[in-house]
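Each chain is listed here by its residues.
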Amino acid sequence: MASRDPRWVLKDRPSFALIIGLIVTGLCALVSFAFDVLNGAPVQFFISLILALAPVPLLLAAVLALDRMEPEPRSNLIFAFAWGAGVAVLVAGVINSLNLHYIIDAANLSAASARNVAATFGAPVVEETMKGLVLLGLLRFRRAEFDGPTDGIIYASMVGLGFAMSENVSYYIAALNSDQGGIGLAVTVVLRGVLSPFAHPLFTSMIGVAVAYAAQRQGSDRVFSILAGWVGAMLLHGLWNGLSSYGGFPGLVIAYLVLLVVLVVLILLVIRDRRRIVALIQRYLPPYEPTKLVNRADIHMLSALSRRQQARQWAKVHGGKRGLRAMSDYQLAATELGLLHERAARRMIDEQTFHEEQRALLECMSTAKASFPVPAHLGAGARGTPPPGYAPG
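Report follows, based on the coordinates.

Scoring rules and cut-offs
- Residues numbered from 1 in each chain as written.
- Predicted model: local features only at pLDDT ≥ 70, side-chain atom pairs only at ≥ 80, totals over all residues.
- Heavy atoms only, no water.
- Helix = DSSP H or I, 4+ residues; strand = E, 2+ residues; numbered from the N terminus.
- Rg over C-alpha atoms; globule rule 2.2 N^0.38 Å.
- Buried < 20%, exposed > 50% of the residue type's maximum accessible area, 1.4 Å probe, protein only.
- Contact = heavy atoms within 4.5 Å.
- Areas by Shrake-Rupley, 256 points an atom, 1.4 Å probe, with all protein chains shown as cover.
- Lys, Arg positive; Asp, Glu negative; His and termini not counted.
- Charge placed at Lys NZ, Arg CZ, Asp CG, Glu CD.
- Salt bridge = Lys/Arg side-chain N within 4 Å of Asp/Glu carboxyl O.
- Expected span 1.5 Å × (residues − 1).
- Bend = angle between axes of the 7 residues up to and from the residue.
- Core = buried A, V, L, I, M, F, W, Y, C linked by side-chain atoms within 4.5 Å.
- Axes fitted to C-alpha atoms, helices over the stretch in contact; angles between N-to-C directions.
- Parallel < 35°, antiparallel > 145°, perpendicular 65-115°, else oblique.
- Left-handed = near helix turned anticlockwise from the far one by under 90°.
- Polar contact = N/O pair within 3.5 Å; in protein donor to acceptor, adjacent residues only side chain to side chain.
- Nonpolar A, V, L, I, M, F, W, Y, C, P; charged D, E, K, R; others polar.
- Patch = residues over 30% accessible without salt bridge, like charges linked within 9 Å, V, L, I, M, F, W, Y side chains within 5 Å.
- Phe/Tyr/Trp six-rings, centres within 6.5 Å; stacked < 30°, edge-to-face > 60°.

As for the overall build of the chain
On a plain count of helices and strands, the chain comes out with 13 helices and zero strands. Scaling as 2.2 N^0.38, a compact globule of 393 residues should have a C-alpha radius of gyration of about 21 Å, and the chain matches this with 24 Å. Projected onto its principal axes, the C-alpha positions of the chain cover 80 × 50 × 40 Å. Within the chain, the proportion of its 393 residues that are buried is 49%. In the chain, of all internal contacts separated by at least 6 residues, the share reaching a separation of at least 24 is 78%. Total accessible area on the chain is roughly 19300 Å²; 67% of this is exposed by carbon and sulfur atoms. Looking at the chain, you have 34 positive and 26 negative side-chain charges, and the mean spots of the two groups are 7 Å apart.

As structure tokens, this is what we get:
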């Protein structure tokens, strides 16, 4: 038996550094909200906060639905969201405010014109930089978590959703303080919370895809890809803001069409990445059949999200939460084993690291499979029997 819990390899436990990071981001979020309270009455703040929080669960569910093949550690996802909602919003808000005052004084423009200029040319650079920094941090300290473009999109979407949520609070308060009052608030909520909730995630996904590409490469290609993604995020963000500010309704329609194209391309990337992961499972797991930890039925189950879900449902019906956890651990460990072989083939990890993680993943699979539920009517001899519905026959 291993000297420590083999589930360490699944990286589902927050580290001390991560806990400190969450505290810092939380404090930044509180400071940002304090500025919002100063800009409006407490009642206006709480109304705006509730409206900004309301769509978040649905938006998070939509993003995490893309991450079912190889789910990312929850602690990393929470940190990315918190960074966007705290550090990124606070710093970007301060810099954007300074830029706005500079433009008004230097260019002698009206407040409305200066806001359009700042939104089109200044805000995209500042905001995408602040959001992208957390992705660089994950690349530096959690490089192994970027197994493909899907991971980059997921982390970028989390930081984007956090940023949009906090930013919406400020916009909603400003709408309440405007001459239009409730009508202005309703329009703003529809435009930002209903019609464009994924704008920030889509912008930052350009950086996310680039960072995921860099995580799989060595040398100067990594720097070039990150720079290209960063520029792409800024241009897309600037295009959206510019068309919204200067294009009127036709410009807004064009902006939505551009985002729709980007969304379709990203979904196609996710689909392609899932097929790649399935191919890795089908390539690298069959040699482990002599260990009795995996067989053809298991590989068949692991090769489709629908069959994975069916297996988890079977485990939950017969084993409750413990059975569900065992099946989920088995699926994740088996998937990570295929990805581990790919990282070794790309020479992203050394031989010692490969063998250490390989042993841990195999022990995870062994522990999980030993904990698979046994339906009462099948008796003790059925332990380990694959769930009906994916096993041949």
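Description of the pattern of salt bridges
Enumeration according to the criterion identifies nine salt bridges in this entry. Note that K369 and D298 form a salt bridge whose closest N and O atoms lie 2.7 Å from each other. One end of the pair, K369, is in helix α13 (residues 351–370); the other, D298, is in helix α11 (residues 296–302), with 71 residues separating them in the sequence. On the accessibility criterion, K369 (12% relative accessible area) is buried. The partner of R325 in a salt bridge is D329, and the shortest N-O contact between them spans 3.3 Å. Remark: D329 and R325 occur in helix α12 (residues 305–345); sequence separation between them is four residues, near one turn of the helix.

Here's the deal with helix α8 (residues 199–215)
Taking 1.5 Å per residue, 17 residues should reach 24 Å; α8 reaches 25 Å between its end C-alpha atoms and fits that length. Along α8, the sharpest change in direction is near 35° and occurs at S205. Counting buried residues along α8, 14 of its 17 residues qualify, which places the element largely inside the surrounding structure.

A word on the nonpolar core
W83, L135, F146, Y155, M158 and V169 are the most contacted members of the largest nonpolar core, which totals 51 residues. With 13 residues, helix α6 (residues 149–177) is the largest single contributor of residues to this core. Contacts of M158, omitting those with residues within four sequence positions, involve L60, V63, L64, L77, A80 and F81. One finds L293, A315, L361 and M365 within the second-largest nonpolar core, a separate group that totals 32 residues.

Quick notes on the environment of L302
Tracing the chain through its elements places L302 in helix α11. Remark: the alpha-carbon pair of L302 and F203, spanning 99 residues in sequence, is separated by 32 Å. Beyond its immediate stretch of four places on either side in the chain, L302 contacts M69, I281, L285, R308, Q331 and A334.

Here's the deal with the packing of α12 against α13
The description of two helices packed together rests on the angle between their axes and the distance between the axes. In contact at an axis separation of 8 Å, α12 and α13 are set at 160° when each is read in the N-to-C sense. Looking at the two axes, α12 sits roughly antiparallel to α13. Crossing hand, α12 versus α13: left-handed. Contacts between α12 and α13 pair A326, D329, Y330, A333, A334, E336, L337, L340, H341, R343 and A344 from the former with F354, E357, Q358, L361, L362, C364, M365, A368 and K369 from the latter.

Here we look at the side chain of H200
As for its position among the elements, H200 is in helix α8. A polar atom in the side chain of H200 sits 2.8 Å from the side chain of E167. The residues touching H200, leaving out its near neighbours within four places in the chain, are E127, E128, K131, G160, F163, A164, E167, R192 and H237.

Quick notes on the packing of helix α1 (residues 16–39) against α6
Viewed as axis vectors pointing N to C, α1 and α6 meet at an angle of 5°, and their least axial separation amounts to 10 Å. On the basis of the axis angle, α1 is roughly parallel to α6. Across the interface between the two elements, F33, D36 and N39 of α1 pack against S166, V169, S170, I173 and N177 of α6. Here the residues of the contact of α1 with α6 sort into three nonpolar, four polar and one charged.

Topic: a nonpolar patch on the surface
A cluster of nonpolar side chains, F249, V253, L257, L260, L263, V264, I267, L268 and I271, forms an exposed patch at the surface whose accessible area comes to about 800 Å². With respect to the helices and strands, L260 occurs in helix α10 (residues 248–284).

Here's the deal with the packing of aromatic side chains
The way to describe two aromatic rings as a pair is by their centre distance and the angle between their planes. Scanning the model with the defined rule gives six aromatic pairs in all. Where Y330 meets F372, the ring centres are 5.5 Å apart and the plane angle is 75°; that geometry is what we call edge-to-face. On the criterion of sequence distance, the pair formed by Y330 in helix α12 and F372 in the segment after α13 is long-range, its members being 42 residues apart. Exposure remark for Y330: the relative accessible area of 0% places this residue in the buried category.

Remember, this is a structural readout, not a statement about activity or role.
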